[in-house]
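Descriptive structure summary
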Amino acid sequence: MPFFPSSISRRDALKAGVGAGLALTFDRLPAFALTTSQGASLIQRPIPSTGEKLPIVGIGTARNYENPSPDAIPALRDVLRQFPLLGGRVIDTAPSYGRAESVVGDLLDELKNREKYFIATKVSIRGGGRDAAVAQMEESLRRLRTDHIDLMQVWNLSSPDVLLPLLDEWKAAKRIRYVGVTTSSERQYDQLEKLMNSHKLDFIQLDLAIDNRKAQNRLLPLAQERGMGVLINLPFGRSRVFAKVAGKQLPDWAKEIDVTSWAQLFLKYIVGHPAVTTVIPGTEKVEYLVDNLGAARGRLPDAAMRKKIEAYYDAL
């Protein structure tokens, strides 16, 4: 499947799903109007290990926050200002995402709203050991301009036998609140499954999309069984899912789950699975933020509706 830039394919899908007039209205709507017109009540789910609740739709920072030009910063600032006002909380980043940690940290410091965010980041060992991991986490704290991380995750299962004991130490010292591991590749599912069975984790993070469903057959049920929260990355399949529906109208039955755009349909498909705590789509514009958060309101698909969405998408 060729790559389609999200700024093009998503725009086309948004206009097809909700109508060109509404899509264009987002560009003209002032920031204060968004906070008052959309409301702040989002569906939340509890973190299994503590019961703390998180909104089911968050923000991912890969790519769009990695190396933004000066001209791109105002749009990101608007997103991070509006997100908590609209009820959002979870933002996921990583040292491997270029300047993303610094961009997020600088903007939250400027906006003075760090306490409204649940910040997740990651740590890995690349040619180093425990000391290198400690230095990397200290640098994450500095870049994010914070004295604690809400969720620290072992990035792509990098040396979990070394890193997980270290993260447990940091958790005991209250420098991090939750511990997790991540993957975005089916090649690591066997390793992740073994790790989930051998360690008590607060969270796992993995990839899931309407065209990438294998994780829900094995790993999501295991997360439920083991009492682990689940973050979902790549929910749009790096724009693949938008490319397939570009220019097409939403099916009439999408109204049954209060869907008004393709993005909402794809996100509601994911959060309709009861094991999912929060999905973290990349979000670089307020119009996309508002659209994404629509998936955290209204009715969610049950198992039968999720099957219907799968069959419809597969038949396109």
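Structure first, text after, so check above.
Structure report, in brief.

Before going further, it helps to spend a moment on the packing of aromatic side chains. This structure, assessed with the given rule, holds 10 aromatic pairs. Taking 6.5 Å as the distance between ring centres and 25 degrees as the angle between the ring planes, the aromatic pair formed by Trp 262 and Tyr 312 counts as stacked. Of this pair, Trp 262 sits in helix α11 (residues 262-271) while Tyr 312 sits in helix α13 (residues 303-315); the two residues are 50 residues apart in sequence, bridging distant segments of the chain. Judged by its relative accessible area of 1%, Trp 262 falls in the buried class. According to the relative accessible area criterion, Tyr 312 is partly exposed, its value standing at 27%. Through a chain of ring-to-ring contacts, the aromatic side chains of Phe 236, Phe 242, Trp 253, Trp 262, Phe 266, Tyr 312 and Tyr 313 assemble into a single cluster.

Applying the stated criterion across every chain, the model contains 23 salt bridges. Measuring nitrogen to oxygen at the nearest pair gives 2.5 Å for the salt bridge that ties Arg 130 to Glu 169. Of this pair, Arg 130 sits in helix α6 (residues 130-144) while Glu 169 sits in helix α7 (residues 160-172), and the two are 39 residues apart along the sequence. Judged by its relative accessible area of 41%, Glu 169 falls in the partly exposed class. Among the ionic pairs, Asp 202 bridges to Lys 171, the shortest N-O distance being 2.9 Å. Of this pair, Asp 202 sits in the loop between α8 (189-198) and β8 (203-207) while Lys 171 sits in helix α7, and the two are 31 residues apart along the sequence. Sharing partners across several salt bridges, the network here consists of Glu 52, Arg 89, Arg 114, Asp 150 and Arg 177.

As a further point, take the environment of Ile 309. Within the fold, Ile 309 resides in helix α13. The exposure class assigned to Ile 309 is buried, which follows from its relative accessible area of 2%. Separated by 58 residues in sequence, Ile 309 and Pro 251 place their C-alpha atoms 9.7 Å apart. Once you skip the residues sitting within four places of it in the chain, Ile 309 turns out to touch Ile 210, Trp 253, Ile 257, Leu 265, Tyr 269 and Pro 301.

This part is about the pairing of strand β5 (residues 118-123). Across the 6 residues of β5, 6 count as buried, placing the element largely inside the fold. Of the two faces of β5, both are covered, the one formed by Phe 118, Ala 120 and Lys 122 as well as the one formed by Ile 119, Thr 121 and Val 123. Here strand β4 (residues 90-92) pairs with β5 via 3 bridges, running parallel. Pairing of Val 90 across the sheet is with Phe 118, part of β5. Handedness of the crossover is the feature at issue here: the chain leaves β4, passes through helix α5 (residues 100-111), returns alongside β5, and the resulting connection is right-handed. By the bridge criterion, 4 bridges tie β5 to strand β6 (residues 149-154) in an arrangement that is parallel. The partner of Thr 121 across the bridge, within β6, is Met 152.

Each value, and the rule that gives it
- Here the residue numbers are simple positions, counted from 1 along each chain's written sequence.
- At least 70 in pLDDT is required for a residue's local features to be given in this predicted model, at least 80 for side-chain atom pairs to be given and counted, and no such filter applies to totals for whole chains, interfaces and linings, which use all residues.
- For side-chain calculations, the full set of non-hydrogen atoms in the structure is used, while hydrogens and water are omitted.
- Two rings from Phe, Tyr or Trp (for Trp, the six-membered ring) form a pair when their centres are within 6.5 Å of each other. A pair whose planes differ by under 30 degrees is stacked, one over 60 is edge-to-face, and the rest are tilted.
- Counting from the N terminus, the helices are DSSP H or I runs at least four residues long and the strands are E runs at least two residues long.
- Each residue's exposure class comes from its accessible area (1.4 Å probe, protein chains only) as a fraction of the maximum for that residue type: buried when under 20%, exposed when over 50%, partly exposed otherwise.
- In what follows, salt bridge is the name for a side-chain nitrogen of Lys or Arg lying within 4 Å of a carboxyl oxygen of Asp or Glu.
- Here a residue-residue contact requires only that any non-hydrogen atoms of the pair lie within 4.5 Å.
- Between any two strands, at least two bridges found by DSSP are needed for them to pair.
- With its strands directed away from the observer, a crossover is right-handed exactly when the path from the first strand over the helix to the second travels clockwise.

No statement about biological role is implied by the geometric values presented.
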